[in-house]
Amino acid sequence: MSDFAGMEDLLQDFLQEAGDLLSDVDNKLVDLERSPDDRRLLNDIFRGFHTIKGGAGFLNATELVTLCHLTESLFDKLRNAEIRLTAGLMDTIMAATQSVRHMFGEIAQGTQPHAAPGEVSVALRAILEGRVESQADTGTAAPVTVADEGPDWHALHAAVSGQDVALPAVAARSTPAAAANAAAAANAAVDLSKLKPHFPPEGRRSTDKPGAAVSGAPSGRRADERAAAREATIRVDTTRLDQVLNLSGEIGLTKNRLTSLRADILAGRTDSETLQALDQAVSQLDLLVSDLQNSVMKTRMQPIGRLFQKYPRIARDLARQLGKDVELALIGEETEVDKTMIEDLADPLIHLIRNAVDHGVEGPEERLLAGKPAKSVVRLEARQEGDHIVLIIADDGHGISPERIRAKAVEKNIISEEEANTLDDRQSLNLIFLPGFSTMAQASAVSGRGVGMDVVKTNIQKLNGSIEIRSEPGKGSVFIISLPLTLAILPVLLVLLGDQPFALPLSMVREILPIDHQRMQEVGGKETLVVRGEILPVIALSRLLGWPQLRQPEYGVLMQTAERSFILAVDNFAGRDDAVIKALDDFRPRGVAGVTTLSNGQIVLILDMKELLADLGTQADRDLRSTPARALEFFA
């Protein structure tokens, strides 16, 4: 039974508002570390903890109230200049916010939160009582001298198991006063590695398998993160709801007008004036429905800044762990993206940011030797270009060497040396998305297992997006992600196989061309066409669907996925449409992404090209890979 029975509504409101407050506090803490004397930041963070404490009080979450009160009191001393902010003190504050977020997770499960880790609360109390002033000034903890009685096995077990450190064990070997001071000094600057971070620094798990299929939950996310990943609510500006309401009223009036005209026509009034009025009413209804559709879609749009605000803390913690000085610059936080897409973007962006901090940028000493500023900058930018959202993750590090990528791929037997020689620089950079690829000689706690970039590519593909890499050795790297504005409406190309139409995602279509069968050549037993120097395989749609080929296809659709380019042979075209996707939850045939309805009422299947290509079979796929233009097909 829930510890918050009867308070479910209050609980949900608290978790939503307190979670936003804590995310804002996390960002301000990163800013405060750069500007420790900024009184505005100090006051804002103080108010954030004070507000969270008040909400926790209504829920009788005593432990959360206690922790927020200690942290709030610490910031009261900071803003009154009674103590000075140092690196060690900031680590203690970060550990406290981490503990607060962990308590939120316990509350969300319907249980009262447990007490904060002993080292966090002890460190906060020691700072507030002024018992570790010297350590607060230096940002380092004083060494603790213990009598010659061997290691403190109890403390070691507590640190490894994540349990609270039992201070009485120390007190048993010294005077109470000395024990208290030693414990306070030892915990004044909390070692973040002993605590379970909000986003753990370990980027890979032993259970990670390169190229593993994405399950119902996003790949790369830990279990505790998945639990809080999906929000069932959405915040909508009331002006947008008012617009939806007004359009609904206008549509109701137009419907009444159509009903009246229908009655007139059934009564035999088919004069030109009646037909003209009918045409005007239908045109008005079409315009109103389009406006209503756009307005409803806007209610799902959320500023991507809600996602971006989680990342400065992640970049800061990882950079500090690696001994680097990194600033994460956020640009375009006001750009709006579909709410579902924001949730599915969390994993790819986390991997790319961590990759930039770990692999992309150099340490301070190496940067100074290269004539760069000691502080590196990772840029996370979002902007809208037409009907697409573009995300940019850029760093000013040492860049990616295409030659090194090719050599590593050959070393790991991912491609042969002959295939490596056919790749240009852009295609070589795309090798990093292959499962199991890593430039690290040995896996570390942060990276090196060849999973992260595979997860990035897989999740971006799920969103019907694309990712591009640009890099200049010595200058840095840029990852460019292009995504559709929304997943609810999908621009499609309607193709015909006989008289049956099928819908192809327009984002995968590069161009349409006639098929000249006299120009087709066989390479490795497969039909190919040369298009502007590219040797591309020709795959008949009938073959993908397992239908008999009744006639030679006359047209080709040059399609491009993240892995390959190919020509899809079809009989004819039926035009372009904006499809409203209807999911097939109970029964979804393989190779079908969903269905849509045409204006004439005909139901059309939206094809999932990636699944259809995968169903060609292992041997057919190996045949495609064996052509001399394998690199062009898979990495173009």
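What you are looking at is a predicted structure, and each value in this text was computed from that prediction instead of being measured.

S.K.: I'm lost on the overall build of the protein in this one. Help?
M.R.: Per the secondary structure count, the protein includes 24 helices and 18 strands. The 636 residues of the protein split such that 46% are buried. Contacts spanning at least 24 positions in sequence make up 70% of the contacts within the protein whose residues lie at least 6 apart. Summed over its atoms, the accessible surface of the protein is roughly 31500 Å², and 52% of this surface lies on carbon and sulfur atoms.

S.K.: Is there a simple way to explain the nonpolar core in this structure?
M.R.: Soluble globular proteins: nonpolar side chains tend toward being buried together. One finds Tyr311, Leu345, Leu349, Leu391, Phe479 and Ile481 to be the most contacted residues of the largest nonpolar core, which totals 49 residues. The element contributing the most residues to this core is helix 15 (residues 339–360), with ten residues. Ignoring anything within four residues of it in the chain, the contact list for Phe479 reads Leu352, Leu391, Ile392, Ile393, Ile400, Ile432, Phe433, Met453, Ile467, Glu468 and Ile469.

S.K.: Before we go on, may I ask you to explain the environment of Arg320 in this structure?
M.R.: Examined against the element boundaries, Arg320 turns out to sit in helix 14 (residues 311–322). Considered as a pair, Arg320 and Asp91 are 229 residues apart in the sequence and their alpha carbons are 9.9 Å apart. For Arg320, the residues in contact, after removing those within four places along its chain, are Ala87 and Asp91. Within polar-contact distance, the side chain of Arg320 engages the side chain of Asp91 at 2.7 Å.

S.K.: I tried to follow a negative patch on the surface on my own but got confused; where do I start?
M.R.: Taken together, Glu8, Asp9, Asp13 and Glu17 make up a surface patch of like negative charges. Note on placement: Asp13 falls in helix 1 (residues 8–34).

S.K.: Can you walk me through helix 15 in this structure?
M.R.: Owing to its 3.6 residues per turn, the α-helix aligns residues three or four sequence positions apart on the same side. Across its 22 residues, helix 15 extends 29 Å between first and last C-alpha, which sits within 8% of the 32 Å expected from 1.5 Å per residue. Of all the bends in helix 15, the greatest reaches close to 35 degrees and is centred on Leu345; the proline Pro348 follows between one and four positions later. The buried fraction of helix 15 amounts to 20 of the 22 residues, a majority that puts the element mostly inside the structure. By the N-cap criterion, in which a side-chain oxygen at the helix start approaches the backbone nitrogen of a residue two or three places on, helix 15 is capped by Asp338, the distance to Thr340 being 2.9 Å.

S.K.: What is the right way to look at the packing of aromatic side chains in this model?
M.R.: Both the distance between ring centres and the angle between the ring planes are used here to describe each pair of aromatic rings. Counted by the stated rule, this structure contains four aromatic pairs. Considering the side-chain rings of Phe502 and Trp547, the 5.6 Å spacing of their centres and the 70 degrees angle between planes classify their relative orientation as edge-to-face. A residue pair is termed long-range when its members are at least 10 positions apart, and Phe502 in strand 9 (residues 500–505) and Trp547 in the loop between helix 21 (541–545) and strand 14 (555–560) qualify at 45 residues. Overall, Trp547 belongs to the partly exposed group, its relative accessible area being 40%. Look at Tyr555 and Phe573: their rings are 5.4 Å apart centre to centre, the planes differ by 65 degrees, and that puts the pair in the edge-to-face class. In this pair, Tyr555 sits in strand 14 while Phe573 sits in strand 16 (residues 572–580), placing the two residues 18 residues apart along the sequence. You can call Tyr555 partly exposed: its relative accessible area is 29%. When the ring centre of Phe46 is taken as origin, the NZ or CZ atom of Arg79, which lies over that ring, is 3.7 Å away.

S.K.: What exactly am I supposed to notice about the pattern of salt bridges here?
M.R.: Pairing is possible between side chains that carry opposite charge, provided their charged atoms lie close to one another. Tallied over the entire structure, the rule returns 34 salt bridges. Of the charged contacts in the structure, one is a salt bridge between Asp20 and Arg235, with a shortest N-O distance of 3.0 Å. Placement of Asp20 in helix 1 and of Arg235 in the loop between helix 10 (223–227) and helix 11 (238–266) is noted, with a sequence separation of 215 residues between them. Classification of Arg235 by relative accessible area gives partly exposed; the value is 44%. One continuous salt-bridge network, built from bridges that share partners, spans Asp26, Glu33, Asp91, Arg101, Arg313, Arg316, Asp317 and Arg320.

S.K.: Help me out: how do you make sense of the sheet that holds strand 18 (residues 603–607) in this one?
M.R.: The strands making up a sheet are joined through hydrogen bonds of the backbone, oriented either antiparallel or parallel. Ordered by their spatial adjacency, five strands build an open sheet running 16-8-9-18-17, and the pairing between neighbours is mixed. Each edge of the open sheet carries a strand with a single partner, namely strand 16 and strand 17 (592–597). Ignoring strand direction, the axes of neighbouring strands in this sheet form an average angle of 35 degrees. Inspection of the sheet shows strand 8 (residues 489–497) paired to strand 16 by eight bridges, in the antiparallel sense. Pairing of Leu496 across the sheet is with Asn572, part of strand 16.

S.K.: Looking at this structure, I do not really get the confidence of the model for the protein. What am I missing?
M.R.: Note: predicted coordinates in regions of low pLDDT should not be interpreted at a detailed level. Here the protein shows a mean pLDDT of 77. Residues at 70 or above account for 78%. Here helix 24 (residues 630–635) is the element of the protein with the lowest mean pLDDT, 31, and helix 11 is the one with the highest, 93. In the model, residues 134–189 has pLDDT below 50 throughout and makes 55 contacts with residues more than four positions away in sequence or in other chains. Throughout residues 617–636 the model reports pLDDT below 50, and contacts reaching past four residues in sequence, or to other chains, amount to 47 contacts.

S.K.: Can you help me understand the packing of helix 11 against helix 12 (residues 272–299) in this one?
M.R.: Between two packed helices, the angle of one axis relative to the other and the distance separating the axes together describe the packing. Direction vectors running N to C along helix 11 and helix 12 enclose 155 degrees, while the axes themselves pass 9 Å from each other. It follows that helix 11 is roughly antiparallel to helix 12 by the angle criterion. For the crossing formed where helix 11 meets helix 12, the hand is left-handed. When the residues that make up the contact of helix 11 with helix 12 are grouped by side-chain class, the tally is 16 nonpolar, seven polar and six charged.

S.K.: What am I meant to see in unusual backbone geometry here?
M.R.: One can expect most non-glycine residues to show negative phi and most peptide bonds to be in trans. Positive phi values are uncommon outside glycine, yet Asn60 reaches one of about 60 degrees. Relative to the helices and strands, Asn60 is located in the loop between helix 2 (39–58) and helix 3 (62–79). Phi is positive for Asn413, close to 60 degrees, though the residue is something other than glycine.

S.K.: I'm lost on the pairing of strand 18 in this one. Help?
M.R.: Looking along a regular strand, one sees side chains alternate from face to face of the sheet. Inspection of the sheet shows strand 9 paired to strand 18 by two bridges, in the parallel sense. Of the residues in strand 18, the one forming a bridge with Ala503 is Ile606.

S.K.: Which parts of the structure should I look at to understand the side chain of Thr274?
M.R.: The topology assignment puts Thr274 in helix 12. Those residues in contact with Thr274 that sit more than four places away from it in its chain are Leu261, Asp264, Ile265 and Arg269.

S.K.: I would appreciate a short explanation of the sheet that holds strand 4 (residues 376–385) in the present structure.
M.R.: As summarised here, the arrangement of the five strands in space is 2-4-5-7-6, forming an open sheet in which the pairing is mixed. Lying at the two open borders of the sheet, with one neighbouring strand each, are strand 2 (326–331) and strand 6 (466–472). This sheet shows a mean twist of 15 degrees between the axes of neighbouring strands, independent of strand direction. Both strand 4 and strand 5 (residues 388–395) contribute to a ladder of eight bridges, which runs antiparallel. For Glu385, the partnering residue across the bridge sits in strand 5 and is His388. Set on the sheet, helix 14 makes contact with strand 2 and strand 4; between it and strand 2 the angle comes to about 165 degrees.

S.K.: Whenever I open this one, the environment of Asp31 confuses me. Can you help?
M.R.: When you line up the elements, Asp31 lands in helix 1. In this structure the side chain of Asp31 is engaged in a polar contact, spanning 2.8 Å, whose partner is the side chain of Arg34.

The rules behind the values
Residues numbered from 1 in each chain as written. Predicted model: local features only at pLDDT ≥ 70, side-chain atom pairs only at ≥ 80, totals over all residues. Heavy atoms only, no water. Helix = DSSP H or I, 4+ residues; strand = E, 2+ residues; numbered from the N terminus. Buried < 20%, exposed > 50% of the residue type's maximum accessible area, 1.4 Å probe, protein only. Contact = heavy atoms within 4.5 Å. Areas by Shrake-Rupley, 256 points an atom, 1.4 Å probe, with all protein chains shown as cover. Core = buried A, V, L, I, M, F, W, Y, C linked by side-chain atoms within 4.5 Å. Polar contact = N/O pair within 3.5 Å; in protein donor to acceptor, adjacent residues only side chain to side chain. Patch = residues over 30% accessible without salt bridge, like charges linked within 9 Å, V, L, I, M, F, W, Y side chains within 5 Å. Salt bridge = Lys/Arg side-chain N within 4 Å of Asp/Glu carboxyl O. Lys, Arg positive; Asp, Glu negative; His and termini not counted. Charge placed at Lys NZ, Arg CZ, Asp CG, Glu CD. Expected span 1.5 Å × (residues − 1). Bend = angle between axes of the 7 residues up to and from the residue. Phe/Tyr/Trp six-rings, centres within 6.5 Å; stacked < 30°, edge-to-face > 60°. Lys NZ or Arg CZ within 6 Å of the ring centre and 35° of its normal. Pairing = 2+ DSSP bridges. Axes fitted to C-alpha atoms, helices over the stretch in contact; angles between N-to-C directions. pLDDT = per-residue confidence, 0-100. Parallel < 35°, antiparallel > 145°, perpendicular 65-115°, else oblique. Left-handed = near helix turned anticlockwise from the far one by under 90°. Nonpolar A, V, L, I, M, F, W, Y, C, P; charged D, E, K, R; others polar.

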